[in-house]
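# A structural walkthrough
Below are the chains, spelled out letter by letter.
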Amino acid sequence: MTNDQLMREAIRLSIENVANGGGPFGAVIARGGEIIATGVNRVTASNDPTAHAEVSAIRRAARVLGTFNLSGCEIFTSCEPCPMCLGAIYWARLDRIYYANTKADAAAAGFDDSFIYDELALPRDLRKLPAVPMLRSEAIRAFRLWNDKEDKAEY
């Protein structure tokens, strides 16, 4: 499939998902023009705030390919990814993001993520959501064990 066809599939999924009670977002993960996995937004349908189209597609692609490293794949998404999805895309190591609607288009439709971008730019002590560090001296043991582990799967 061409890039235009892959994006049209993501757009088709987003439109179809609205009719099926989900949010207006669809995503396709492809490798070499072949669809590996798709996803749609099912946040309200599944009561899962992480059930965004991109995250759902990444989860499926990882299962299909049997790996958490999706290098060699690209994502086509009906809308510019939110901060959570963008983070997931980076962690999955996708090669490229293609998107249709912009985050401004999403904001105009009631999906405004600008507050998250604004919060991330602030020092922790100025953010609206309190983040309280605690028990680091105990928790650091897990990282020490990880660093000493000889058979770890690097990611």
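Just so it is clear, the structure is predicted and the values come from calculations on it, not from any experiment.

## A closer look at the sheet that holds strand 3 (residues 74-79)
Strand pairs in the sheet, formed through backbone hydrogen bonds, run parallel or antiparallel to each other. A sheet is described by the order of its strands in space; here four strands give the open sequence 2-1-3-4, paired in mixed fashion. Of all strands in the sheet, those with a lone pairing partner are strand 2 (34-40) and strand 4 (96-101), marking the two edges. Across the sheet, the axes of successive neighbouring strands diverge by a mean angle of 20°, strand direction being ignored. In the sheet, strand 3 pairs with strand 4 via five bridges, with the strands oriented parallel. Across the sheet, T77 pairs through a bridge with Y99, a residue of strand 4. Against the sheet, helix 3 (residues 53-65) makes contact with strand 1 (26-31), strand 2 and strand 3, and its axis sits at roughly 140° relative to strand 2, the strand it touches most.

## Observations concerning the pairing of strand 2
As paired elements, strand 1 and strand 2 share six bridges and run antiparallel to each other. Opposite G26, over in strand 2, you have V40 as the bridge partner.

## Some thoughts on the side chain of S14
As for its placement among the helices and strands, S14 is situated in helix 1 (residues 3-19). Here S14 falls in the buried class, since its relative accessible area comes to 8%.

## Thoughts on a nonpolar patch on the surface
There is a patch of nonpolar side chains on the surface, built from F68, W91, W146 and Y155 and spanning about 510 Å² of accessible area. Assignment of secondary structure puts W146 in helix 7 (residues 136-148). Looking at W146, the relative accessible area reads 31%, which means it is partly exposed.

## Some remarks on the pattern of salt bridges
All told, the structure shown has four salt bridges when counted by the stated rule. Note that R12 is salt-bridged to E9, the shortest N-O span being 2.7 Å. With R12 and E9 both in helix 1 and three residues apart, the pair spans about one turn of that helix. Judged by its relative accessible area of 37%, R12 is partly exposed.

## Regarding the packing of aromatic side chains
All chains considered together, the criterion is met by two aromatic pairs. For the ring pair F25 and F111, a centre distance of 4.9 Å and an interplane angle of 85° mean the geometry is edge-to-face. Taken together, the residues span a long stretch of sequence, with F25 in the loop between helix 1 and strand 1 and F111 in the loop between helix 5 (103-108) and helix 6 (114-121) at a distance of 86 residues. For the ring pair F76 and Y98, a centre distance of 4.5 Å and an interplane angle of 5° mean the geometry is stacked. Here Y98 lies in strand 4 and F76 lies in strand 3, a separation of 22 residues in the sequence. By relative accessible area, F76 is classed as buried at 1%. Positioned over the ring face of Y117 is K103, at 4.3 Å from the centre of the ring.

What counts, and at which threshold
Residues numbered from 1 in each chain as written. Predicted model: local features only at pLDDT ≥ 70, side-chain atom pairs only at ≥ 80, totals over all residues. Heavy atoms only, no water. Pairing = 2+ DSSP bridges. Helix = DSSP H or I, 4+ residues; strand = E, 2+ residues; numbered from the N terminus. Axes fitted to C-alpha atoms, helices over the stretch in contact; angles between N-to-C directions. Contact = heavy atoms within 4.5 Å. Buried < 20%, exposed > 50% of the residue type's maximum accessible area, 1.4 Å probe, protein only. Patch = residues over 30% accessible without salt bridge, like charges linked within 9 Å, V, L, I, M, F, W, Y side chains within 5 Å. Areas by Shrake-Rupley, 256 points an atom, 1.4 Å probe, with all protein chains shown as cover. Salt bridge = Lys/Arg side-chain N within 4 Å of Asp/Glu carboxyl O. Phe/Tyr/Trp six-rings, centres within 6.5 Å; stacked < 30°, edge-to-face > 60°. Lys NZ or Arg CZ within 6 Å of the ring centre and 35° of its normal.

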